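A look at the structure
These are the residues of each chain, in order.
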Amino acid sequence: MTNPTHKTALVLGATGLIGELLTHRLVDSPFYNNVKVLVRKSLSWQHPRLQEVQFDFDHPNGLLTQADDIFCCLGTTIKKAGSKEAFRQVDYHYPIDIARLSLANGARQFAIVTAMGANEDSSIFYNRVKGEVERDLTALNYPTLLIFRPSLLLGNRSENRLGERIASGAMRLFSPLIPAKYKGIKADKVAKSMLETMQQGLIGKHVFESDVLQEF
């Protein structure tokens, strides 16, 4: 492995399905010598390049968000959050708050996982919130904004999501008949695409739909 650069990556949602896989990739990457994760509780593993930062997302401290590249994998469900308002807090307010603070602290690149179907005008609450966070991140004018819209995520979650398990099984069964954009996608493939795309020197806003992510 080549010597790492002197860059810092900041991960939001490091305990989630994509976030955990991405964090493992980041600490093994030659592109970063420091990987900060904002967490409410400690991770179950350690690494010399991994820096855990205990963080209050409801009262964010901007001094703790300093990094070069931001990777946002935050996400919940209305069932787990308990209400639409609580869901919006996690999936909209937290990413926007951290993005704004990080930009003010010198961050140049921001990558976020939203969802296939994200649309601020959608009649579906979930898709509408995802569209709204994309819209307002765009308004911050990051030098580089990377938006990833995967379809149904495939992988081993720590939590039980019955609907996703049923849908995942159906997708595997009918996979040959499903267009690439709508096929289930492995969470690690999304994590890999986030890391690799962040190193391409892209400028401006770029949206990656699920069929493109499948190519990784």
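Since this is a predicted model, take the numbers as computed values, not measurements.

Our focus in this paragraph is the sheet that holds strand β9 (residues 204–209). A sheet is described by the order of its strands in space; here seven strands give the open sequence β3-β2-β1-β4-β5-β6-β9, paired in parallel fashion. Two strands close off the open sheet at either side, each with one partner strand: β3 (50–54) and β9. For this sheet the average axis-to-axis angle between neighbouring strands, irrespective of direction, equals 15 degrees. In the sheet, strand β1 (residues 8–12) pairs with strand β4 (residues 69–72) via four bridges, with the strands oriented parallel. Bridged to Leu-12 within β4 is Cys-72.

As a further point, take the nonpolar core. Most often, soluble globular proteins keep nonpolar side chains buried together rather than apart. One finds Ile-18, Leu-22, Leu-26, Tyr-32, Phe-71, Val-190 and Met-194 to be the most contacted residues of the largest nonpolar core, which totals 31 residues. Secondary-structure elements contributing two or more residues to this core are β1, α1 (17–27), β2 (34–39), β5 (109–113), β6 (144–149) and α6 (187–198). The biggest single contributor to this core is α6, with six residues. Setting aside its immediate chain neighbours within four residues, Met-194 contacts Ile-18, Leu-22, Phe-71, Cys-72, Cys-73, Ala-111, Ile-112, Val-113 and Phe-148. Counting 28 residues, the second-largest nonpolar core is a separate cluster that includes Phe-87, Val-90, Tyr-94 and Ile-98.

Okay, the pattern of salt bridges next. Summed over the entire model, instances satisfying the criterion amount to eleven salt bridges. Between Glu-209 and Arg-149 there is a salt bridge, with its nearest N and O atoms 2.7 Å apart. Placement of Glu-209 in strand β9 and of Arg-149 in strand β6 is noted, with a sequence separation of 60 residues between them. Residue classification places Arg-149 among the buried positions, given a relative accessible area of 15%. Among the charged side chains, a network of salt bridges with common partners joins Glu-120, Arg-135 and Asp-136.

Tracing the sequence through the fold places Val-190 in helix α6. Residue Val-190 is classed as buried on the basis of its relative accessible area of 0%. Sequence-wise, Val-190 and Val-113 are 77 residues apart; in three dimensions their C-alpha atoms are separated by 8.5 Å. Beyond its immediate stretch of four places on either side in the chain, Val-190 contacts Ile-18, Val-113, Pro-150, Leu-153, Ile-185 and Leu-213.

To continue, consider the state of the cysteines. Evaluated as defined, the whole model comprises zero disulfides. Among the cysteines around Cys-72, which has no disulfide bond, Cys-73 carries the closest sulfur, lying 6.7 Å off. Relative accessible area serves as the criterion here: at 1%, Cys-72 is assigned to the buried category. Residue class for Cys-73 comes out buried when judged on its relative accessible area of 12%.

So, on to the packing of aromatic side chains. Per the stated rule, a full pass over the model turns up seven aromatic pairs. Residues Tyr-32 and Phe-71 carry aromatic rings whose centres are separated by 6.2 Å and whose planes lie at 80 degrees to one another, so their mutual orientation is edge-to-face. Here Phe-71 lies in strand β4 and Tyr-32 lies in the loop between α1 and β2, a separation of 39 residues in the sequence. Centre to centre, the rings of Phe-148 and Phe-208 are 5.1 Å apart; their planes meet at 15 degrees, and the pair counts as stacked. With Phe-148 in strand β6 and Phe-208 in strand β9, this pair connects stretches of sequence that are 60 residues apart. Residue Phe-148 shares its accessibility class with Phe-208, and that shared class is buried. A connected cluster of aromatic rings, assembled from ring pairs, spans Phe-55, Phe-57 and Tyr-94.

About the thresholds
Once a new chain begins, its residue numbering starts again from 1 and follows that chain's sequence as written. Under the rules for a predicted model, residues below a pLDDT of 70 receive no local features and side-chain atom pairs below 80 are neither given nor counted, while totals for whole chains, interfaces and linings still include all residues. For side-chain calculations, the full set of non-hydrogen atoms in the structure is used, while hydrogens and water are omitted. Pairs of strands are assigned from DSSP output, requiring at least two bridges between the strands. In DSSP terms, a helix is any run of H or I states spanning at least four residues, a strand is any run of E spanning at least two, and both are numbered starting from the N terminus. Note on geometry: axes are lines fitted to C-alpha atoms, helical ones only across the stretch in contact, with angles between N-to-C directions running from 0 to 180 degrees. Among the buried residues, those of types Ala, Val, Leu, Ile, Met, Phe, Trp, Tyr and Cys that are joined through side-chain atoms within 4.5 Å form a nonpolar core. Only protein chains enter the accessibility calculation, which uses a 1.4 Å probe. A residue is then buried if its area is under 20% of the maximum for its type, exposed if over 50%, and partly exposed in between. Pairs of residues are marked as contacts when any of their non-hydrogen atoms sit within 4.5 Å. Whenever a carboxyl oxygen of Asp or Glu lies within 4 Å of a side-chain nitrogen of Lys or Arg, that contact is scored as a salt bridge. The term disulfide is used for any two cysteine sulfur atoms that are within 2.5 Å. A pair of aromatic rings is counted whenever rings of Phe, Tyr or Trp (Trp by its six-membered ring) have centres within 6.5 Å, and the orientation is called stacked for planes under 30 degrees apart, edge-to-face for over 60 and tilted otherwise.

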